[in-house]
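Here is what each chain is made of, one letter per residue.
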Amino acid sequence: MKRLTYTLFGVLLVMLWSCSPTTQITASWKADEGVPKQYQSLLIAALIQNLAIRQSIETEFSERLADRNVQTNKSLDILKPEFLDEGEPSREKIMSILEESKSDGILTVNLIDVDEESRYVPGGTAGPAYMPMGRFGYYNNFPGYFHHAYGNAWNPGYYVEEKEYFLETNLYDSESMELVWSAQSRTVNPATINTFAEEYVTVLKAQLREEGLIP
């Protein structure tokens with residue numbers, strides 16, 4: 001019964017962890033230009049090799065920015081599959097695409113790092129592994145220590161696979177082609193591609209509004 005209790009407690013912790021927000025902005029920068037320009041139309045370009053992630057992020061941005069009356073174009077709809085076949089595109093080629101999209105800004109998303117780690121969560125009772133002369137009275141006699149150690153010995157822990165995704169989001173002005181705003185974000189253990197895109201866009205959209213860059 002006690003083992004079952006510990007197991008259920010561990011599952012509950014995992015469920016609570018998975019339900020908590022997983023994306024946060026770790027750093028941001030904005031050009032010092034006085035009153036910021038509000039962008040009414042954006043080209044959304046997720047520069048990510050994984051097509052499913054790219055499509056999910058661009059679609060989520062497009063749908064959520066529509067709520068703020070911001071027109072969007074997705075790079076998946078504009079950039080043809082052979083766009084990069086001839087190597088790095090020229091400035092003229094990029095400008096022609098921007099003119100076609102009629103966007104006054106370009107919002108890019110780039111996956112810059114993925115960190116994977118396996119973490120062991122011990123079973124049994126919580127507390128330091130070794131402190132015989134400390135304040136924990138169960139070390140002072142065998143029955144007390146046996147009761148403490150029983151939880152660790154007969155209730156094994158479990159491993160949690162943790163993944164951290166680090167993304168860079170940049171906003172460029174279409175007219176000057178210069179960087180206007182940039183942010184780095186960290187996402188921990190996304191449950192699915194769709195939930196990741198939802199949480200990521202929620203955080204980035206809120207920051208863009210706070211900076212005065214979108215309505």
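All values reported here derive from a predicted model rather than from experimental measurement. (Residues numbered from 1 in each chain as written. Predicted model: local features only at pLDDT ≥ 70, side-chain atom pairs only at ≥ 80, totals over all residues. Heavy atoms only, no water.)

**Points about the overall build of the protein**
Formally: The numbering of helices and of strands both runs from the N terminus, where a helix is a DSSP run of H or I of at least 4 residues and a strand a run of E of at least 2. Three labels apply to residues, based on accessible area from a 1.4 Å probe with only protein chains included: buried if under 20% of the type maximum, exposed if over 50%, partly exposed otherwise in between. Contact criterion: two residues are considered in contact whenever any of their non-hydrogen atoms come within 4.5 Å of each other.
On a plain count of helices and strands, the protein comes out with six helices and six strands. In sequence order, the secondary structure elements of the protein are arranged as α-β-β-α-β-α-α-β-α-β-β-α. By residue count, 33% of the 215 residues in the protein fall in the buried class. Within the protein, residue pairs in contact and separated by at least 24 positions form 77% of the contacts whose partners lie at least 6 positions apart.

**Concerning the nonpolar core**
Definition in use: We call a set of buried residues a nonpolar core when its members are Ala, Val, Leu, Ile, Met, Phe, Trp, Tyr or Cys and they connect through side-chain atoms within 4.5 Å of each other.
In terms of nonpolar packing, the biggest core is built from 24 residues, with L42, I57, F61, V109, L171, W181 and Y200 touching the most fellow members. Mapped by element, the contributors of at least two residues to this core are β2 (41-46), α2 (51-66), β4 (105-121), β5 (158-173), β6 (179-188) and α6 (193-210). Of all the elements, α6 adds the most residues to this core, at six residues. Setting aside chain neighbours within four positions, we find V109 in contact with A45, A46, L47, I48, I57, F61, L167, E168, T169 and Y200.

**What about the pattern of salt bridges?**
We apply this condition: Any Lys or Arg side-chain nitrogen located within 4 Å of an Asp or Glu carboxyl oxygen qualifies as a salt bridge.
Counting across every chain of the model gives six salt bridges. With its nearest N and O atoms 3.2 Å apart, the salt bridge here joins K30 to E211. Taken together, the positions of K30 in strand β1 (residues 23-30) and E211 in the segment after α6 put the pair 181 residues apart, joining distant regions of the chain. In this structure, D173 and K37 form a salt bridge, with 3.1 Å as the shortest nitrogen-oxygen distance. Taken together, the residues span a long stretch of sequence, with D173 in strand β5 and K37 in the loop between β1 and β2 at a distance of 136 residues.

**Topic: helix α4 (residues 91-101)**
Quick note on the threshold: Directions pointing from the helix axis toward each C-beta atom define the arc.
Of all the residues in α4, the buried ones are I97, L98 and S101. Buried residues of α4, viewed axially, fall in a sector of 100 degrees; they line one side. With respect to the buried face of α4, the exposed residues turned more than 90 degrees away are E92, E99 and E100. Among the residues trailing α4, K102 stands out with phi positive, at a value near 55 degrees.

**A closer look at the packing of aromatic side chains**
For clarity, the cut-off: In this scheme Phe, Tyr and Trp rings, the latter by its six-membered ring, pair at centre separations within 6.5 Å, and the angle between planes marks the pair as stacked below 30 degrees, edge-to-face above 60, and tilted otherwise.
Within this structure, the stated rule accounts for two aromatic pairs. Taking 5.9 Å as the distance between ring centres and 85 degrees as the angle between the ring planes, the aromatic pair formed by F61 and Y200 counts as edge-to-face. Linking F61 in helix α2 with Y200 in helix α6, this pair joins segments that are 139 residues apart in sequence. Residue classification places F61 among the buried positions, given a relative accessible area of 0%. Look at F196 and Y200: their rings are 5.8 Å apart centre to centre, the planes differ by 25 degrees, and that puts the pair in the stacked class. Pair noted here: F196 and Y200 are both in helix α6, with a separation of four residues, about one helical turn. We note that F196, like Y200, is buried. Put simply, the rings of F61, F196 and Y200 pair up and form one aromatic cluster.

**With respect to unusual backbone geometry**
Positioned with a positive phi, N69 is a non-glycine residue whose angle comes to about 60 degrees. By the secondary structure assignment, N69 is in the loop between α2 and β3 (71-74). Under the relative-accessibility criterion, N69 is labelled exposed at 64%. Of note in this structure, M177 is not a glycine but carries a positive phi near 65 degrees. Secondary-structure assignment places M177 in the loop between β5 and β6. On the basis of relative accessible area, M177 is assigned to the partly exposed category, the value being 23%.

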